[in-house]
Amino acid sequence: RRRNDGIVDYLVEEEDGTNNSQIEIKEDIKSIKRRRRADGQSHYQMLHLDRLRQGVIEHLQNIVGLGETHDEELKLQSPEHLFHTAPVNPTRLTLTHEWQQLESHARVVKKIHLRELLNDASRCEAMCLEEIQSHVFLDWSRQKVTSETMRLLYALARRMDVDEKMDRMRKGRPINSSERRAVLHFVLRANLNDIEPGGYLHPERARTADQSPLDLLPGIHHNNNNRKQKFLPENEHGAIDIAQAVQQAIHVRERVLNLARDIRNGNITAPDGHKFKTVIVVGIGGSYLGPEFVVQAVQGNDQKNDLDVRFLANVDPQAFATVQYNVDPKSTLVVIVSKSFTTAETMRNARKVKRWILDAYRGEDSLLKDNEIIAAHMIACASLKALDIVKRFGIREDRLFEFWSWVGGRYSSSASAGLLPLALARGPEAAAEFLNGARMIDAHFFEAKLERNLPAVMALLGIWNVNFLGLGARAVVPYAHNLARFPAHVQQLEMESNGKSVTVHGIPLDYTTGEIVFGEPGSNAQHSFFQLLHMGQCVPCDFIGFMQPQNKEQQEDHDELFANLLAQPDALALGRAFEDVVYDVLVGDVDDVDLCPHKTLSGDRPSLTLLFPKLNPSTVGALLALYEHRTAIQGFVWNINSFDQFGVELGKVLATDIRTMIANAPNKPPPSNPSTARILKRYSAATNKDDFPGWPNLLSRQYKESNKTTSKYDDPLPSNVDDSW
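Residues numbered from 1 in each chain as written. Predicted model: local features only at pLDDT ≥ 70, side-chain atom pairs only at ≥ 80, totals over all residues. Heavy atoms only, no water.

Caption draft 1: Region of the structure containing helix α15 (residues 370–377). Listing the buried residues of α15 in full gives Ile373, Ile374, Ala375, Ala376 and His377. In this structure, the buried residues of α15 make contact with β5 (332–337), α14 (344–360), β6 (378–382) and α16 (387–393). (Buried < 20%, exposed > 50% of the residue type's maximum accessible area, 1.4 Å probe, protein only. Helix = DSSP H or I, 4+ residues; strand = E, 2+ residues; numbered from the N terminus. Contact = heavy atoms within 4.5 Å.)

Caption draft 2: Summary view of the sheet that holds strand β1 (residues 128–131). The mixed open sheet is built from six strands, whose spatial order is β1-β2-β11-β10-β8-β9. Where the open sheet ends on each side, the last strands, each with one partner, are β1 and β9 (516–519). Averaged over all adjacent pairs, the angle separating strand axes in this sheet is 20°, with direction ignored. Bridge analysis of β1 against strand β2 (residues 136–139) gives four bridges, and the strand direction is antiparallel. (Pairing = 2+ DSSP bridges. Axes fitted to C-alpha atoms, helices over the stretch in contact; angles between N-to-C directions.)

Caption draft 3: Summary view of the packing of aromatic side chains. Applying the stated criterion across every chain yields a total of 17 aromatic pairs. Both rings, one in Phe341 and one in Phe393, keep their centres 5.9 Å apart while their planes meet at 85°; by these two values the pair is edge-to-face. You can see Phe341 sitting in the loop between β5 and α14 and its partner Phe393 sitting in helix α16, a full 52 residues away along the chain. With respect to class, Phe341 is no different from Phe393; both count as buried. Judged by centre distance (5.0 Å) and plane angle (80°), the rings of Phe518 and Phe529 are edge-to-face. One end of the pair, Phe518, is in strand β9; the other, Phe529, is in the loop between β9 and α21 (530–535), and eleven residues separate them in sequence. Taking relative accessible area as the criterion, Phe518 reaches 25% and is therefore assigned partly exposed. Take Phe529: its relative accessible area is 16%, and that puts it in the buried class. Taken together, the aromatic side chains of Tyr479, Phe518, Phe529, Phe530 and Phe543 make up a single cluster linked through ring pairs. For the cation-ring pair, Lys330 lies above Tyr361, with the distance from its terminal atom to the ring centre recorded as 5.2 Å. Across the ring face of Phe393, the terminal group of Lys354 is positioned such that the distance to the ring centre comes to 4.3 Å. (Phe/Tyr/Trp six-rings, centres within 6.5 Å; stacked < 30°, edge-to-face > 60°. Lys NZ or Arg CZ within 6 Å of the ring centre and 35° of its normal.)

Caption draft 4: Representation of the sheet that holds strand β4 (residues 308–312) in the model. The five strands lie next to each other as β4-β3-β5-β6-β7, forming an open sheet whose pairing is parallel. In this open sheet, the two strands that pair with only one neighbour each are β4 and β7 (400–402). Strand after strand, the sheet turns through a mean of 20° between neighbouring axes, direction not considered. By the bridge criterion, three bridges tie β6 to β7 in an arrangement that is parallel. Paired with Ala382 across the bridge in β7 is Glu402. Contacts between α15 and the sheet are confined to β5 and β6, with β6 contributing the most and set at about 60° to the helix.

Caption draft 5: Main features of the nonpolar core. Among the nonpolar cores identified, the biggest contains 157 residues, and Trp140, Phe341, Trp406, Leu610 and Tyr627 are the most heavily contacted of them. The greatest single-element share of this core, amounting to twelve residues, is contributed by helix α25 (residues 617–638). Aside from chain neighbours lying at most four places away, what touches Trp140 is Arg123, Ala126, Met127, Cys128, Leu129, Val145, Met150, Tyr154, Val457, Leu461 and Leu608. Formed by 15 residues, the second largest nonpolar core is a distinct cluster that contains Phe530, Phe543, Leu565 and Leu611. (Core = buried A, V, L, I, M, F, W, Y, C linked by side-chain atoms within 4.5 Å.)

The structure is reproduced here in structure tokens:
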């Protein structure tokens, strides 16, 4: 399985020495080689390490003027010594005793079939867990783990200081180290009485039966208070005062729910008196995927006042055409979600919706001014730092609903970005119940020991599958039609959070982080990708189900759905033995012995089952919080920052440059990549644009000389070649 990495052979063949850094780097290479898979990921890990190492060496040569002797010495330095960003003695995950024990243990467990593991009744009993307050039940008996596996996984988590990292998160410490920010999305669900004297959260877990969900949110019945909030203070280390964070979150929460109530009741209308019937939410990424999932999943009790909430994310013009179809702009409310209020795709769509609404008032005997129309129709969910931009767009200051730097976009479903669309669509009562469901899981997450902690168990099982069984993908299959958008939300939540190449200290990784997440509601998924799950590549699955239907009249259909939910994990785990297939042929009427190999299922494919009492606002909140905390725990163990996303920035920068080229900016040089230049030329021709000025020949002479191979699909070169650029 060796790759042509070059650096591996080079470093291993160096002469042995007594220098500790040489010994460490050789241990790194040996560690990587032990874990090399046929999936090719180790190639990219070594590529990243090589590029970083070479970049640092070249930087030092240019700045300090090091000679070739020092160059050779630097090549032997371990990542910690070379990059100088780590503590003196950082914990190297793959060199820990716990990790190496798990590697050895995995070789044993791989040989045990799930049929054998599931025959152990005591094991099955031990591998399930229920959170008492929310009645969430987790069964992971169909994972390829034993009690020893779990013991080693818990030991690994403690070796990586997961408990301490959770405590730092709860106390508002800046665990988002690269951006020096606290991570406090759980504060969005908190109450004032959750704050302990020490200044951090200890959420109340119990709620008496006679309490309304709104009673859990202090001041929610008070009059709307639109006073301007101050920026939340941070100390010199980036830590946040939890008490002030909770107070500001509650203040914005009150304003959101009161506004939603007034709009739904008709107390707030369009400027011509129209009652709002439709809401268009303009946002992208975390400002879209999470809120859309929540709105679709939650069903309110006051459906006669429900608004039709639609989401506009894609800049494809067809997306806006679909959203505005059969919608009256005069009865449409627009919510623009962008923390900075500068997100390119969001603001392009926002301007488009703005023109659409203004055009609806053109040609009428209306005395309304444009700014009055926009002020009545538009709301912003953004940072207070974007207030001036929001006001210039035409939105009133009291229609700005803040969310903060300590709330990442993919964690903002319980911030104003997700709460306002939910409250408008399903009502304040349903929105408050949703927050309370998430709050109960927050309490469980921070209070329960790892062995009894639902998000921790789910996270560690994912690490086991990825790093020790080599299973890098996972399917999320909710057996509920209303959760159709949940897999897409989890996909962004986990892949944007944990797809990293360096540790929190900037040290290149020698292990895989993150899972490739995809999914579809059951039972549709069974007729989509389950063939591959049963007989092709092994992909662990999260099966999500509900014990009760939405109403009693649906019981028979729900029984059918639940039967499929139980059947699929068993089919994946147990499979169908060849001898069973042969027996069916021998006792059957049709002689199709030749098909026996095609009908044999090997089984031994892991999954877990997550059950909730009923799909309601509270369980949707609990589901959201479970996967948020699962993501954080994995990042804590992998020692990465799950709360930044620098990987998506480069594409945005390049898109801005290419957009300028498409606009025929006269002084803009062409792309240095001849492939991109060729595609741009085709795009120019297809859209009847003039050729890009300043560079009539999109293939440089250097490229032509280095690539003599031609194809019948190549573009003909223009006769008037000008390579001056």
